[in-house]
Amino acid sequence: MPTGAIFKFHNDLDTDQIIGSQYLLLPDLEEMKVHTFESLDPDFPKKVKAGDYVVGGENFGCGSSREQAPGVLKALGVEAVIAKSFARIFFRNAINIGLPVIVCKELPDEVNTGDVMELSLSEGIVKAKGKEYSCTKLPEYMQNILNQGGLIASLNKEEQVWE
């Protein structure tokens, strides 16, 4: 199970707080990612390491339908986003680009930024602070999409099988 540090955020975190609209004109995610969570924690892009986790409350990723929001998190190496609930469009955009998004009702209330956790996507289990939490186990087809790097990569692999 991958182990990483937790970066915890609040309920109703919207996509503008993940990546401000003024940065959407930058040419790519590499340039955008340095502005991730700029209004909440300007040092987030310097502190987060590949394999770390973002934890949020209810309605994570609400607001505008922009794929750049999960995109900058993935570009920074965030292993997964765990929240009490997700805005539907953020959830779909994250899966489509290959960023795991996991619903876990209890975890956000019991952890803090800097805590360490482990996640098993296949088992639907999170371990943190000496406890084990059950989370939504993604259906096999979603796990396959994530394992192949997102929806487009998954569809490209399926297309190759049929050729």
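The present account deals with the structure reproduced in this document. Predicted model, so just to flag it, every value in this text is computed and none were measured.

**Quick notes on the pairing of strand E6 (residues 125-128)**
Then, in step 1: Across four bridges, strand E5 (residues 116-120) lies against E6 in antiparallel orientation. When the bridges of E6 are listed, Met117 appears paired with Ala128.
Then, in step 2: What sits between the antiparallel neighbours E5 and E6 is a turn of four residues, in which Gly124 has the positive phi angle 70°.
Then, in step 3: As defined by bridge partners, E6 adjoins strand E7 (residues 131-134) across four bridges and the pair is classed as antiparallel. Within E7, the residue paired with Ile125 across the bridge is Ser134.
Then, in step 4: Counted between consecutive antiparallel strands, the loop separating E6 from E7 contains two residues, among which Lys129 sits at a positive phi close to 55°.

**Topic: the side chain of Arg66**
Then, in step 1: Summarising the element assignment, Arg66 is placed in the loop between strand E2 (53-56) and helix H4 (68-75).
Then, in step 2: Within the structure, Arg66 has its side chain in polar contact with the backbone oxygen of Ile19 (distance 3.2 Å).

What counts and what doesn't
Residues numbered from 1 in each chain as written. Predicted model: local features only at pLDDT ≥ 70, side-chain atom pairs only at ≥ 80, totals over all residues. Heavy atoms only, no water. Pairing = 2+ DSSP bridges. Helix = DSSP H or I, 4+ residues; strand = E, 2+ residues; numbered from the N terminus. Polar contact = N/O pair within 3.5 Å; in protein donor to acceptor, adjacent residues only side chain to side chain.

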